[in-house]
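Now for the letters of each chain:
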Amino acid sequence: MDKNREEGRITQIMKFTPSLSKQRYQFIKDLVWKYKPKKVADLGCADCTLLWMLKFCRCIEVLAGLDICASVMKDKMHRLSPLPVDYLQPDERSLTVTLHHGSVANKDPCMLGFDLVTCIELIEHLEESELRKFPEVVFGFMAPSIVVISTPNSEFNCLLPGVTSFRHPDHKFEWDREQFQSWALKAASRYDYSVEFTGVGHPPAGMEKVGFCTQIGVFVRKHPPTSDSAQFEKPAEAVYKTVFKAVYPSLKDEKYLQHAVVGEVVFTAQFMKGSLLDRSVLEHKCSDHPAACKSGFQPSEDLEKLVVEKGTEPYVDGSTFYVPLRTIFSFPKVNRLCGTFEKLCKLIAGKVPLSSDGSAVMLNTEGE
């Protein structure tokens, strides 16, 4: 089912700007920026739009989606794959995205350990038996720090033309604010959560009494789960089927880190060679034409400072230019990537031409 398309057709006369679905996703993004969760799961992820938006949030290292309809996920899951640029410029963070096919009424160990769980326009699609199990699965078993649940506010339906019963043919129910809040407060009390109510989709002026078009409950766990509560209930076997998994290239992976360090070392050495050769040419011109030096090239102050502080100035011997590794390690980006000088030496060993004693990078100067 494409719940966003169906809803867009029904609510277009209300002219929500941005669209109601975008407002819900932005609500989640704002929550992510506030709480900085590392692991986020979206239950009822459908076409994976929210997951795609969240993969750009740099605090998140693990994203998981779950939906009962595998075909909808598979149709759009390619958007969650790494792009070529992700391999050319790996991020410093790690990111793993996984999609699972299954029901929120079942418990699976792959859904343990998440900081934030979102359930956007999901519960109204659940059968009565699934809805009964839902609180125990999400709040009792998964027990994340934060749970966000959004669902249609039936009081708003009187403003939606063409809606005589429910907004979507697959909805099993639509609650008014009192019904949703009563259900949410019971679940929060039972599983040791607090809950605050809000929403998105403001009503027209003069109709404020109907409330938001989409009502939202934000549940926050009061205390960490007990050490044995989730583990005691942990199923012996997985019940969800994994339909997609992507591990993004990261500088935490040594092969990508090595590639980045080698590139940065070569770039830094070339930069220093170019700067010092330009200075040499300028000094030669100045000796013949002093007037040409008035607005001539001046070497970078940062470069001179690094060389002086380390006492390891680059030098030319014949047709070879030598840049001491200690000087290269002084550059902030190289230093940040490697952490230690020993790590730098290890990462570039066999990848960059070095002097016989391994203390300097060698570059050819013939023809320059």
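None of these values were measured; they are calculated from a predicted model.

Some thoughts on the state of the cysteines
Now for step 1: On inspection of all chains with the given rule, the structure shows zero disulfides.
Now for step 2: Cys48 forms no disulfide, and the closest cysteine sulfur to it belongs to Cys45, at a distance of 4.6 Å.
Now for step 3: Unpaired in terms of disulfides, Cys345 finds its nearest cysteine sulfur in Cys338, a separation of 8.9 Å.
Now for step 4: Note on Cys345: relative accessible area 27%, which makes it partly exposed.

Focus on the sheet that holds strand β5 (residues 146-152)
Now for step 1: An order of β6-β7-β5-β4-β1-β2-β3-β8 is seen for the eight strands of this open sheet, with the pairing classed as mixed. On the outer flanks of this sheet lie β6 (193-200) and β8 (241-247), each paired with one strand and no other. The average undirected angle you get between the axes of adjacent strands in this sheet is 15°.
Now for step 2: Note that strand β3 (residues 96-101) and β8 share six bridges and pair antiparallel. What sits directly across from His100, in β8, is Thr242.
Now for step 3: The sheet strands contacting helix α2 (residues 20-35) are β4 (116-120), β5, β6 and β7 (214-221), and the helix crosses β5 at an angle near 165°.
Now for step 4: Contacts from helix α7 (residues 177-190) reach β5, β6 and β7 within the one sheet, and its direction differs from that of β6 by about 155°.

So, the pairing of strand β2 (residues 62-67)
Now for step 1: β2 sits mainly inside the fold: five of its six residues count as buried.
Now for step 2: You can see the chain leave strand β1 (residues 39-43), run along helix α3 (residues 49-54) and come back into β2, and the turn it takes is right-handed.
Now for step 3: Across six bridges, β2 lies against β3 in parallel orientation. In the sheet register, Ala64 faces β3, and the bridge partner there is Thr98.

Examining the packing of aromatic side chains
Now for step 1: Counted under the stated rule, the structure contains 14 aromatic pairs.
Now for step 2: Ring geometry for Phe134 against Trp183: centres 6.2 Å apart, planes inclined by 35°, an arrangement best described as tilted. Of the two residues, Phe134 is situated in helix α6 (residues 128-142) and Trp183 in helix α7; the sequence distance between them amounts to 49 residues.
Now for step 3: The buried category is assigned to Phe134, whose relative accessible area is 0%.
Now for step 4: Summarising the aromatic geometry, the rings of Phe173 and Trp175 are spaced 4.5 Å apart at their centres and angled 35° between planes, so their arrangement reads as tilted. In terms of burial, Phe173 and Trp175 fall into one category: buried.
Now for step 5: Grouping aromatic residues by their ring pairs yields a cluster made of Phe134, Phe173, Trp175, Phe180, Trp183 and Phe197.
Now for step 6: Over the ring of Phe114 we find Lys39, and its NZ or CZ is 5.4 Å from the ring centre.

Rules and cut-offs
- Each chain carries its own residue numbering, running from 1 in the direction its sequence is written.
- Side-chain atom pairs in this predicted model are given and counted only at pLDDT of 80 or more, local residue features only at pLDDT of at least 70, and totals for whole chains, interfaces and linings cover all residues.
- Only hydrogens and water are set aside; all other atoms, that is, all heavy atoms of the structure, feed into the side-chain values.
- The disulfide criterion is simple: two cysteine sulfur atoms within 2.5 Å.
- Residue burial is assigned from relative accessible area. The probe radius is 1.4 Å, only protein chains are included, and a residue is buried under 20% of its type maximum, exposed over 50%, and partly exposed in between.
- Strand pairing is assigned whenever DSSP detects at least two bridges linking the two strands.
- Only DSSP runs of H or I reaching four residues or more are called helices, and only runs of E reaching two or more are called strands; each is numbered from the N terminus.
- For helices, the fitted axis covers only the stretch in contact; all axes are lines through C-alpha atoms, and the angles between them, taken along N-to-C directions, range from 0 to 180 degrees.
- Residues count as neighbours in contact if any of their non-hydrogen atoms are within 4.5 Å of one another.
- With the strands pointing away from the viewer, any crossover whose connection runs clockwise from the first strand over the helix to the second is right-handed.
- Only centres within 6.5 Å qualify two rings of Phe, Tyr or Trp (six-membered ring in Trp) as a pair; their planes then separate them into stacked at under 30 degrees, edge-to-face at over 60, and tilted for everything else.
- By definition, being over a ring means that NZ of Lys or CZ of Arg is both within 6 Å of the ring centre and within 35 degrees of the ring normal.

By themselves these figures say nothing about function.
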